[in-house]
Structure formats: structure tokens, C-alpha cells
Amino acid sequence: MMSVLDNAWIIPALPLAGAAVNGIFGRGFSKKTVNAVAVGSTTLAFLSTLALVAEFWKLPETQIPVIRDFFPWMVAGSLRVDFAVQVDQLTIIMLLVVTGVGWLIHIYSTGYMAHEGGYYRFFAYMNLFMFFMLVLVMGASYALLFVGWEGVGLCSYLLIGFFFLKKSASDAGKKAFVVNRVGDFGFLLGLFLMFRTFGTMDIHTVLTKAQTMPVETAGIGTLTAICLFLFVGAAGKSAQVPLYVWLPDAMEGPTPVSALIHAATMVTAGVYMVARSSTLYAHAPIAMETVAVIGCLTAFFAATIGLVQTDIKRVLAYSTVSQLGYMFLACGVGAFSAGIFHLMTHAFFKALLFLAAGSVIHAMGGEQDMRNMGGLRGPIRVTFLTMLAATLAISGCPGFAGFFSKDEILWESFSSPYGNWALWFVGTFTALLTAFYMFRLVFLTFYGTPRYDEHHVHVHESPKSMLIPLVVLALLSLGGGWMAAPALFGGKNYFDDFLSPVFQHAEEIRSQMPAGGSHEMEHLLMAVAITGALIGFLVAWWMYVRSPKTADELEAKMPGPHSVLLHKYYVDELYDAVIVHPMQWISTNILWKGVDAAGIDGLVNGVGKLTRGVGQETRQVQSGNGRSYASLLVAGAAVILVLFLWLGH
Amino acid sequence: MPVASYAVILSAILFGLGALGFVFKRNIITVFMSIELMLNAVNLSFVAFGRLRFLLEGQVFVFFVIVVAAAEAAVGMAIILQVARNRHSLNFERIDLLKQ
């Protein structure tokens, strides 16, 4: 039988083929054909991933990572980039998340997008996205990773602006693209510096070479600089402070896009990249600290903004930013596998939250404002139950997926040699906020009395194609955490064990540092975190179920803080004033009117004017008067004659 | 002073007259005649210099000039005839259609 491992290119190639078929011929296809191509190719990709995992399982440890070189892509001087894939434990996890969740969301989309125009276009973009995301996680070189990185950015742009006739949607697409460009600039600088330092961009070679370099405790050395540059890229792609502003606006895209790209997969690429480079980061403690602090700050700020948003998808968007902050916090304190674990559980429950929100929006006929919902728990029971499961998971209810991953992160942020109590405190407080805003969302949407016009809005449960993915994801949100569960009771953390070879070197460096904390301490902190989540839940319940007026009263009492949060700390306004407007002014007054109109046009037009002017003057000589010609002729001849006579002597 | 020198001086005078006529006359036929006059002045100087230096080329060249002048006169007269027919005028200065 053919080995999938030796033909690993097939996994990204399948969605690419799907995208090509749908993108080129899809216009004439019926919806059924488009579905068959799009969902079929992702199903095959998922199945090949499963086959790959089965083969990978049997491999002896010495053969990992598996690197398969298919063809040289760029050869220029000492630079050589091959189209090569690398399969190790981290790749396996990412592959399963991307193809698994991607497959479910494709199925969901066939129901959700059924009434939208541009059906084939949507699925072509989605498949293209899958292709780039798979290149990103499988690439054996940072250059190839960057190809995937840019490709998913492109698909993100295309899908955010999917309803391109709507100005806000196309603006949001552009915003995402431009903000990501800022991050990618940092990423590129990191890649250049890396190439200069190691002479290659091959991930395995770079990391192996880095292992022999000293740990840069004293100050900013080359590795620290590389790590910081790479993190700028990660902050752009994964929406961290200060580059997070594009993600909330990205909600203009169709909901399955928000679920797949802006929650489960693409935005976690930054976390993946940092975890992939764990060896580099372990040698750069300053970069680690930066990652941890930025992650922690992002988690907190995004959560506070999420408290007051009224658009159901925007709450989830800020929640995503906040959870991504947690993942970076984990990476920053050296708990890379905890970060990846949270990435995985987050992919389950956040994809579920978005899909369930999509189901709510579908049921409400396009309404997204939670103030116009309420009491939906009865009419759309399945959606409600799955959403509840996801909410319990994200708020850290014991037993659900998010509990285990978040708890591990909080514990590591306290006990790790890189961590401290401040990181833990902010993280735990954010967990409280998370529980509050998520239950606020659930209560506003599903509890209380209906606030929509019941005569006009016909609330209906979504079709099966949408509900089945919801249920599958709900089961994963429920059970996905148990892979790492026994660790709590002093047992084996299967997830950690599985990933440990990837982070082995980083872990070695970390274990040489003094660490604090005991099992009793861990249980105590866990109790604090659970209490925090419970408080968040109770406050939400009090404010939105028990006495719904409290929220409005509180809002009236504190108009200042409320409007600051509602306007997202005026960060967009600040960027507008500090960056966008000066940029526009410079573009208009200097670049356009100065350089282009006066300089370049002036030069071109000036040459034309000069030629015309000279012509205007000299044409006077050609009077058309025969006698003046004759006079000139004779005069000229006379001059020549005189010259000859004069020079002849 | 050799006889040929007088011929050269005569040729210069004739050429000068022709040039003046060419420049100052308005009647197109007079202008044409002035050109012929200049040509013949040149012919005269050819012959004179040939005689002066005992070379045959000067004499032979005159024949070429006469032939060309004859051809030019035929073409030129034909053009003048057409212009006169079309514009009912022989005024050199009024033939300025290209300028307008």
C-alpha cells in the first residue's frame, strides 16, 4: 500500500484541487456539485490525515520528525528552499485540528450559506484557505511556513470581504490585510535575520543549530532579536496588543468564516509558530517575557471590551482575542504544550460558539444584536444546548475542555520559572471576566422575554447539516480536555507526554531554572480560579436574569467607564488620529500633490512643454513666404562664401 | 590680367544680378529667369576656370548643367502654368497655401 507519510503533499493538495475546480468551473455548477467538490475534498484531506496519524503512530521515535522533500522551490546562491513537509507530534495535532474542525465547518457551511449568492466562490475560498493553512502547519521551512502564513491572510481578506458590496465588509477586509502587513513586516525581518545567522531557513536545521548557542540572559542578542521579530508577526496574525484591532472587524465575514479562520485555525498560527520555534524562544528569556506580558495584557483588555459589546459575534471576537492571549501567556512562561492544548480545546469550543451563534443568527433571520433577542432557549433547543456546552467549556467549568487547558496555563503562569503571581492574578481575573461575558451572552440570547418582533421574525431551528457539526463539536468541548486531565491528580498528562519530544530542548532549559509551587498550591489556585468563574457566572445571572434592570442602572451610574469599554478604549480612534490620518495627509499633500502631481507629472509635462515652446519659437522661421526663404538661402550662401575666403587664407 | 579673369568677374556680376532678381522680384516668371541667369553665370565661371587651368572637366560640366537646367525649366514651367491657371496670379508671394 502507498504510504501517506511519503506522499504527505496529498493532504494540502486535495483542498487545493477542490479550490481550483470550484473556483474555475464552479460558476456553472449546481449547489450540489459545489458541495460535493468542497466537502468531498476536505473529507478526503481529513481521512488522509487520519491515515497519516495511524502511520505516524507506528514510527519509532528516532525517525521523528519525518521530513519529506518533494521538489526544490527556490535555489539562489546559498539560499535553498525546498517544498518539503515536516511531520512531528506538533504537526499531527495541528493537522487534526485544521482538517477535523475545517471539515465540520465545511459541512455546516453547506447549510448556512444555502441562501447566499456567490456560493461557489465561498467554497473555493474556503478550500484555498484549507490548502494554505495545511502548508503553514506542514512546511519544513520557515519560508514555506511564510507562504502558508501569507496565503491564509489572503483568504482571510477575501472571506472577510465576501459580501463586498457592503462597504463595511470590504473596509474590514482591507483593515485586516493592512494590519497584518505590519506584523508580516516584523516576521520578514525575523526571517532575514535568521537566514543571516543560520544560513538556512529550514526549521529543523535552525532549531538544531540554535541548541548549541548560549542562552541570552544578559541582554538582547541575535536570537532574542529573531524571536521578537517573529513575535511581531505572530501578534499581527494572532491579534495581540497592539495589532488586535482587525479581528473584531473581521466579523463582517460570513459566520462559518469567523469560526474557521478567525477562531479555530488561522489566528492560532502565531501560537503555532511560537511553539514551533520553542527552542529559539527558550534561548531568549527577554522574548519569552515579552510574549507572556503581551499575551496576558491582551487577554485582560479584550475581555474587558467583551463585557459591554452588544453584537453577538463581536463578543465572541473579543473573547477569541482574549483566549489567544492565554495561549501566548502559556508559551511565554515556557508551557508550550499547555499553549497548544488550549489552542486545540479553544478550536473546539470557539468554533462551536461561532457556529452556534451563526445558528442563532440564522434562526433570527440575520439579526446579530443581542438586545433584540432573548427567550430563544425554547424555539432553538439544540443550538441552545450546544452553545451552553461551549460556554461552560470556555468559562472553565470543571470537567469541560476549557477548564483543563486554562487551569494548566494559569498554574504554569504562577509556578513556571518565567512566571510570577502578577501574570497569574491577571489571568485568573480574566477568567472571571470570561465567565461573566459568556454567560451574559447566553442569558441575553436565550433567557428572559423575547425582545424581537414575534410577528415578523419567524424563529426556526437550523437544518441538520448545521446541527450535526454543532453536536460533534459540543461532544469535543465536553470531552476534549480529558486527554490532559489525570495530571490534576498527579497522574499522566497524555497530551503533554505526546508533545514533549517537540519541546524537549526548551523544557531542558526551563528545568534548570528554579521553579516554585507544589501540588497543594496547584489545587488551591485551581479552587480560586473556579471560584472566580463562579463569581462571573453569578454576577451575570444576577444582572441579566434575576434583575435585568441592574445592567442598565449600572450603565447609567457609570457612563464614563461604560462608554470607554463600549468604544474599545478608543484604540481605533487613536490609531485613526495617530496613524491613519497623518498617513492620509502625507499621501494627499506630499506624495500625491507634491511628488506625483508636481514632481513626476511636472517632469513629464515639462519635457512636453519645452518641446512645444521651442517649436513655437522656431516655426516663425518657416514663414511660408518664398522670398524670405530665398533671402535666407542667398544670405547663407554668402556667409559660407565669406567664411571660405576668410579661412582659406 | 588673363582674359579668363574678365569672364570670372562677368560671371560674378551676372550671378549677383540673378540673386538680386531671385530675392526681390515678385513675378514668378522673373524669379524663374533669375534662377536661369544664376545657372548660366555658374556655367560661365566653369568655362572660364577650365580655360584658365587648361582642364577639360570645366567645359564638360557645363553640358550637364545645361541638361539639368533644361529639364528643370520644363518641369518648372509646367508647374508655373498650373499655378497660373489655378490661382489667376503670377505673384510669388501669394502662393502660400501650405502655410494656411
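A quick note: this is a predicted structure, and the numbers were derived from the prediction, not measured.

Reading guide: rules and limits
Here the residue numbers are simple positions, counted from 1 along each chain's written sequence. Following the order in which they are written, the chains are lettered starting with A and the ligands numbered starting with 1. A pLDDT threshold of at least 70 governs which residues receive local features in this predicted model, and a stricter bar of 80 or more applies before side-chain atom pairs are shown or counted, although totals over entire chains, interfaces and linings include all residues. Helix numbering and strand numbering both begin at the N terminus, where a helix is a DSSP run of H or I of at least 4 residues and a strand a DSSP run of E of at least 2. A radius of gyration in this sense is built from C-alpha atoms; the matching globule rule multiplies 2.2 Å by the number of residues raised to 0.38. For the exposure call, what matters is how many other C-beta atoms sit within 10 Å of a residue's own: 20 or more marks it buried, 12 or fewer exposed, and in between partly exposed, using C-beta atoms placed from the backbone. Once C-beta atoms have been placed from the backbone, residue pairs whose C-beta atoms lie within 7 Å are recorded as contacts. Strand pairing is defined by DSSP finding a minimum of two bridges between the two strands. Throughout, the ten residues Ala, Val, Leu, Ile, Met, Phe, Trp, Tyr, Cys and Pro are labelled nonpolar, Asp, Glu, Lys and Arg are labelled charged, and all others, Gly among them, are labelled polar. Note on method: axes are straight lines fitted to C-alpha atoms, helices fitted across the in-contact stretch only, with angles between N-to-C directions ranging 0 to 180 degrees. Oblique is the label for every angle not falling under 35 degrees (roughly parallel), over 145 degrees (roughly antiparallel), or within 65 to 115 degrees (roughly perpendicular). If you view the pair so one helix is near and one far, a crossing is left-handed when the near helix is turned anticlockwise from the far one by less than a right angle, and right-handed when it is turned clockwise. Working rule for helices: expected span equals 1.5 Å times residues minus one. Connectivity within a nonpolar core runs through C-beta atoms within 7 Å, and the core itself is a set of buried Ala, Val, Leu, Ile, Met, Phe, Trp, Tyr and Cys residues. Bending is quantified residue by residue as the angle between axes fitted to the seven-residue window ending at that residue and the seven-residue window starting at it. Every residue is assigned a pLDDT by the predictor, reflecting its confidence on a scale from 0 to 100.

Colleague: Whenever I open this one, the overall build of chain B confuses me. Can you help?
Modeller: Helices and strands together make up the secondary structure of chain B, namely three helices and zero strands. Taken over C-alpha atoms, the radius of gyration comes to 17 Å for chain B, far larger than the 13 Å a tight globule of 100 residues would show. Across its three principal axes, chain B shows a C-alpha extent of roughly 50 × 25 × 20 Å. For chain B, the proportion of its 100 residues judged to be buried stands at 15%.

Colleague: What is the right way to read the overall build of chain A from this model?
Modeller: Of the regular secondary structure elements, chain A holds 26 helices and two strands. Among the 649 residues that make up chain A, the fraction classed as buried is 50%. Pairs at least 24 apart in sequence give 81% of the contacts found in chain A among residues at least 6 apart.

Colleague: I'm lost on the environment of Ala172(A) in this one. Help?
Modeller: Residues and elements named next belong to chain A. Relative to the helices and strands, Ala172 is located in helix 6 (residues 167-198). C-alpha separation for the pair Ala172 and Gln240, spaced 68 residues apart in sequence, amounts to 17 Å. When sequence neighbours within four positions are dropped, the list of residues in contact with Ala172 reads Ile160, Asp249, Ala250 and Glu252.

Colleague: Whenever I open this one, the pairing of strand 2 (residues 79-87) of chain A confuses me. Can you help?
Modeller: Consecutive side chains along a regular strand alternate between the two faces of the sheet. Residue and element names in this part refer to chain A. Where strand 1 (residues 66-76) lies against strand 2, nine bridges are found, and the strand directions are antiparallel. Bridge assignment links Ile67 to a residue of strand 2, and that residue is Gln86. Taking the residues between adjacent antiparallel strands as the criterion, strand 1 and strand 2 are bridged by two residues, where Gly77 takes a positive phi near 60°.

Colleague: For this particular structure, what's the right way to read the interface of chain A and chain B?
Modeller: When the parts come together, some accessible area is lost, and that loss is often what is quoted as the size of the interface. Listed as interface residues are seven residues of chain A and, on the opposing side, nine residues of chain B. Classifying every residue of the side of chain A that touches chain B gives two nonpolar, four polar and one charged.

Colleague: Could you clarify how one ought to interpret the environment of Gly111(A) in this entry?
Modeller: Residue and element names in this part refer to chain A. With respect to the helices and strands, Gly111 occurs in helix 3 (residues 89-112). The exposure class of Gly111 is buried, given the 20 C-beta atoms found within 10 Å. Counting along the chain gives 352 residues from Gly111 to Pro463, while the straight-line C-alpha distance between them is 6.5 Å. Discounting residues that sit within four places of it in the chain, Gly111 has contacts with Ser462, Pro463, Ser465 and Met466.

Colleague: Help me understand the packing of helix 2 (residues 31-58) of chain A against helix 3 of chain A in this model?
Modeller: Any two packed helices are characterised by how steeply their axes cross, that is the angle between the axes, and by the distance between the axes. Residues and elements named next belong to chain A. At a closest axis distance of 9 Å, the pairing of helix 2 and helix 3 adopts a crossing angle of 155°. Classified by the angle between their axes, helix 2 and helix 3 sit roughly antiparallel to one another. As helix 2 packs across helix 3, the resulting crossing turns out to be left-handed. Contact residues: helix 2 offers Asn35, Ala38, Val39, Thr42, Thr43, Ala45, Phe46, Thr49, Val53 and Phe56, while helix 3 offers Ile92, Leu95, Leu96, Thr99, Gly100, Gly102, Trp103, His106, Ile107 and Thr110. Considering only residue class, the contact of helix 2 with helix 3 consists of 11 nonpolar, nine polar and no charged.

Colleague: Sorry if this is basic, but what is going on with helix 17 (residues 401-415) of chain A here?
Modeller: The α-helix winds at 3.6 residues per turn, so residues separated by three or four positions along the chain end up facing the same way. Compared with an ideal rise of 1.5 Å per residue, which puts 15 residues at 21 Å, helix 17 of chain A spans 22 Å between its outermost C-alpha atoms and is within 8% of the ideal. Burial within helix 17 of chain A is extensive, with 14 of its 15 residues counted as buried.

Colleague: What is the right way to read the nonpolar core from this model?
Modeller: If you look at soluble globular proteins, the nonpolar side chains tend to sit buried side by side. Core analysis: the largest hydrophobic core is formed by 212 residues, its most contacted members being Ala351(A) and Leu352(A). Beyond its immediate sequence surroundings of up to four residues, Leu352(A) is in contact with Thr386(A), Ala390(A), Leu470(A), Leu473(A), Ala474(A) and Ser477(A). Counting eight residues, the second largest nonpolar core, distinct from the first, contains Ala19(B), Val31(B), Phe32(B) and Ala41(B).

Colleague: I tried to follow helix 25 (residues 571-618) of chain A on my own but got confused; where do I start?
Modeller: Taken as a whole, helix 25 of chain A carries its principal kink of about 45° at Gly602(A). Little of helix 25 of chain A is tucked away: zero of the 48 residues are buried.

Colleague: How should the packing of helix 17 of chain A against helix 22 (residues 519-546) of chain A be read in this particular structure?
Modeller: All names here are of chain A. With their axes 10 Å apart at the nearest point, helix 17 and helix 22 run at an angle of 125° to one another. Comparing their axes, helix 22 and helix 17 come out oblique. In this structure, the crossing between helix 17 and helix 22 has a hand that is right-handed. Across the interface between the two elements, Asp407, Leu410, Trp411 and Phe414 from helix 17 touch Glu522, Leu525, Met526 and Ala529 from helix 22.

Colleague: Looking at this structure, I do not really get unusual backbone geometry. What am I missing?
Modeller: Outside of glycine, negative phi angles account for most residues, and trans bonds account for most peptide bonds. All names here are of chain A. Between Ile64 and Pro65 the backbone carries a cis peptide bond, its omega angle lying at 5°. As for its placement among the helices and strands, Pro65 is situated in the loop between helix 2 and strand 1. Unlike most non-glycine residues, Tyr569 shows phi in positive territory, near 60°. Summarising the element assignment, Tyr569 is placed in the loop between helix 24 (559-566) and helix 25.

Colleague: What is the right way to read the environment of Lys609(A) from this model?
Modeller: Summarising the element assignment, Lys609(A) is placed in helix 25. C-alpha of Lys609(A) to C-alpha of Ala172(A): the two residues are 437 residues apart in sequence and 44 Å apart in space.

Colleague: So what exactly am I meant to see when it comes to the confidence of the model for chain A here?
Modeller: The predicted structure's coordinates, where accompanied by low pLDDT, should not be read in detail. Averaged over all residues, the pLDDT of chain A is 89; the fraction at 70 or higher stands at 98%. Confidence scores differ between elements of chain A, with helix 23 (residues 549-557) of chain A showing the lowest mean pLDDT of 81 and helix 11 (residues 269-276) of chain A the highest of 95.

Colleague: Whenever I open this one, the confidence of the model for chain B confuses me. Can you help?
Modeller: Mean pLDDT over chain B stands at 88; residues scoring 70 or higher make up 96%. In the predicted assembly, ipTM is 0.77 and pTM is 0.81.

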